Amino acid sequence: MQLDGISLYACATELQQTLQGGRIERIAQPSRQTIVLTIRSQGQNHRLLLSCEPESPRAHLVETTEKGPEKPFTFLMILRKHLVHARIVDISVPHCDRILHISCDALDDLGARVRLMLVAELMGKHSNLILIGPNNVILDCAKRIPPSVSSLRTVLPGDRYEAPPVQHKQDLLAGSADDFAAVLRCSEAVTLSNALVAGFYGISPYAARYLCQKAGCEADLHAPFPDDTCRSIALSLWELQQALFSRSFSPSLLYNHMQRVEGFFPFPPNDNGLYQSMESMQAAMLAYYDTKQMEKAIERQRTHLTGLLQAKLQKLYKRLQIQRDTLAKSETFERVRVEGELILAYAYQIPPHQDKIEVYDYTQDALVTLSYDPSLSAQENAQKRFKRYQKLRSASQAARAQIREIEPERQYLEDVLFSVQQAETLHQLLDIRHELQSEGMIPLSQEIGRRKQIVLSQPLHFISTDGIDIYCGRNNTQNDFVTLKLSKSTDTWLHAQGMPGSHVLIKSPKVSADTLKQAAHIAAFYSKGRRSENVPIDYTLIKYVRKPSGAKPGFVTYSSQKTLFITPDEALVKSLFAREETK
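Within each chain, residue numbers correspond to sequence positions counted from 1 in written order. Residue-level local features of this predicted model are given only where pLDDT is at least 70; pairs of side-chain atoms are given and counted only at 80 or more, and the full residue set underlies all totals for whole chains, interfaces and linings. The side-chain figures draw on all heavy atoms in the structure; neither hydrogens nor water molecules are used.

Colleague: Looking at this structure, how should I read the sheet that holds strand β11 (residues 261–265)?
Modeller: Here the rule is simple: two strands pair whenever DSSP picks up at least two bridges between them. Only DSSP runs of H or I with at least four residues qualify as helices, and only runs of E with at least two residues qualify as strands; both kinds are numbered from the N terminus onward. Within the open sheet, the three strands sit side by side as β11-β10-β12. Their pairing is antiparallel. Single-partner strands in this sheet number two, and they are β11 and β12 (274–277). Each strand axis lies, on average, 25° off the axis of its neighbour in the sheet, ignoring direction. Here the axes come from fitting lines to C-alpha atoms, over the contacting stretch only for helices, and the angles between their N-to-C directions go from 0 to 180 degrees.

Take a look at the structure:
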């Protein structure tokens, strides 16, 4: 959900109350498209983040500042030269559009007072941060746009600043209900929600649906719109205008049907949607963008680990196929030895100058035809086969040894890949990365080295309907912890049969049938068979589970097991949650 003009207006209203009259003490630039102003106002420091990143342009207060590159950007140097120690005079959002103006009083090189303006154009891929000096001249900007990039509007130091091209929309802050109704009657949009987005500054698709719901109209109503519909929507727009003027905000963090954060808005939803009331727009925006940044970090780490593991697995699959082909070709070595023995046994009966001979094969109790080199003696023909037998047998033994060496690594990497695909938090993915580094599969880095002092994430904790604790590992490190450290010899251990999955532990010497079945559902749900039916789940006592010496993390052997066949029930598993992992 992109930032819209209504939300930016509410945000600017709060910033005006908090920062007006404040002095800019420091400026940082964590990335090329993001700056953070540290402003001293009302007796405390506030950090204002302004970002023109195409995917998440935004402006709001933050609690911390990320460290920027050692060599500062040119834009940062210009900002520090002109804005450090400047006082903020006004923060506004003209026309309720997605453009934030921060007016500042500063001193020029001669000590004279000048009015500067920092403009944050927060419009998707066209976003930019621009510092404007006296006479509306651009001092510098985060994104320089030369004529070769845009023939409509250039943004370069020394140019006169021009606002983005006019869109001929109605100013939400400067019209009456009659003006709003007239815009809707003349709209060329196909649906009512599209007419609101195309006809008014600051209205996003979500805001359009919000207004339609508030007016009791269908958002997908097709043009031409009835007059009573236009009047109802116009009244909702006028009420929204008055709420903006009176600053009657109820900031809300919006959730989708899967209870994941999907946006923010200055007012609670009126369609029975899920939301969380927030104390301010700053808090709502910070929570939303922090969540989205975390989701991006998780996906970035997941993509990196997945690519690395798949590349290693492809190499292993290729090696396995080569060894299996070699094994298939060399499986006939015993037959070659028997043929050599048959030639020796019937050497006295073989007539000269024969390229094929027919002899009785005692192993098959039948006559067989063998190829024969007439230029060699019977003994030489036999020795030729014995040499080939030795070569094929050696190749077969080597191939089997290679397969025995490759298979555990293949199984391990497939288990790790499954854990990466199932991981839900960044901490879980970093645990997996740390594990791979410990195994020498990823080069050590300073960042991961620092993580060695951090407590690893904890396994999932469930409580059965009988009140018995059940633990489930989410990666190999957690699986080892659950199986080797958390357990007692009388506890019950479960795992999906023949496929990657979590180690599940029932912490009780006595287990009812209901608890066992619930733990089996957990083991099936957190396995590769999550979307399958009748997943085989082995269970046994911990005393029958062993970890071979030198085995990789998460690898164990077990015996005396029994098997349940389970179709995973997600609702049941979620209902048994005792707590989420602590990290």
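Colleague: Explanation requested: the state of the cysteines in the structure shown.
Modeller: By definition, a disulfide links two cysteine residues through a covalent bond between their sulfur atoms. We call a pair of cysteine sulfur atoms a disulfide whenever their separation is within 2.5 Å. All told, the structure shown has zero disulfides when counted by the stated rule. With no disulfide partner, C11 has as its closest neighbouring cysteine sulfur the one in C96, 12 Å distant. Not part of a disulfide, C141 finds its nearest cysteine sulfur in C52, a span of 9.2 Å.

Colleague: Is there a simple way to explain the packing of helix α5 (residues 205–215) against helix α6 (residues 227–246) in this structure?
Modeller: Packed helices, taken two at a time, are described by the angle between their axes plus the distance between the axes. Direction vectors running N to C along α5 and α6 enclose 115°, while the axes themselves pass 9 Å from each other. Considered as vectors, α5 and α6 are oriented roughly perpendicular to each other. Along this stretch, α5 crosses α6, giving a crossing that reads as right-handed. Mapping the contact onto sequence places L211, C212, K214 and A215 in α5 and S232, I233, S236, L237, E239 and L240 in α6. Basically, the charged four are Asp, Glu, Lys and Arg, the nonpolar ten are Ala, Val, Leu, Ile, Met, Phe, Trp, Tyr, Cys and Pro, and anything else, Gly included, counts as polar. Partitioned by chemical class, the residues of the contact of α5 with α6 number six nonpolar, two polar and two charged. Convention used here: angles under 35 degrees read as roughly parallel, angles over 145 as roughly antiparallel, angles from 65 to 115 as roughly perpendicular, and any remaining angle as oblique. In this scheme the crossing of two helices becomes right-handed for a clockwise turn of the near helix relative to the far one and left-handed for an anticlockwise turn of less than a right angle. It only takes one pair of heavy atoms within 4.5 Å for two residues to be counted as in contact.

Colleague: I tried to follow the pairing of strand β13 (residues 356–361) on my own but got confused; where do I start?
Modeller: As a general feature of sheets, a regular strand has side chains that alternate between the two faces. One ladder, built from six bridges, connects β13 with strand β14 (residues 366–371); its direction is antiparallel. Bridging from a neighbouring strand, E358 pairs with T369 of β14. Between β13 and β14, which pair antiparallel in sequence order, lie four residues; one of them, D365, sits at a positive phi of approximately 55°.

Colleague: Please clarify how the nonpolar core should be interpreted in this entry.
Modeller: Note that soluble globular proteins tend to have their nonpolar side chains buried in a common cluster. Side-chain atoms within 4.5 Å are what join buried Ala, Val, Leu, Ile, Met, Phe, Trp, Tyr and Cys residues into a set we call a nonpolar core. Burial classification: accessible surface area is computed with a 1.4 Å probe over protein chains only, and a residue below 20% of its type maximum counts as buried, one above 50% as exposed, and the rest as partly exposed. Counting 81 residues, the largest nonpolar core has I6, L50, L83, L100, L196, I203 and L244 as the members making the most contacts within it. For this core, the element with the most residues is helix α1 (residues 5–19), which contributes eight residues. In contact with L50, other than residues within four places in its own chain, are Q33, T34, I35, L37, R58, A59, L100, I102, L118 and L129. Formed by 25 residues, the second largest nonpolar core is a distinct cluster that contains L313, V416, V420 and L426.

Colleague: What am I meant to see in the environment of A496 here?
Modeller: Tracing the backbone shows A496 in strand β17 (residues 492–496). Note on A496: relative accessible area 1%, which makes it buried. Along the sequence, A496 and M77 sit 419 residues apart, while their C-alpha atoms lie 59 Å from each other.

Colleague: Got a minute to help me understand the pattern of salt bridges in this structure?
Modeller: Pairing of side chains with opposite charge becomes possible as their charged atoms draw close. We count a salt bridge whenever a side-chain nitrogen from Lys or Arg sits within 4 Å of a carboxyl oxygen from Asp or Glu. In this structure the tally under the stated criterion is 23 salt bridges. We note a salt bridge from E121 to R153, for which the minimum N-O separation is 2.5 Å. You can see E121 sitting in strand β7 (residues 113–121) and its partner R153 sitting in the loop between β9 (138–141) and α3 (177–185), a full 32 residues away along the chain. Accessibility assignment for this pair places E121 and R153 in one class, buried. In this structure, a network of salt bridges that share partners links the residues R324, E407, R410 and E414.

Colleague: Even after reading the chapter, I still don't get unusual backbone geometry, so can you show me in this structure?
Modeller: Most peptide bonds take the trans form, and the phi angle of most residues other than glycine is negative. The omega torsion across A223 and P224 is -5°, close enough to zero to call that bond cis. Inspection of the secondary structure puts P224 in the loop between α5 and α6. Here Q42, not a glycine, exhibits a phi torsion of approximately 55°, which is positive. As for its position among the elements, Q42 is in the loop between β2 (34–41) and β3 (44–51).

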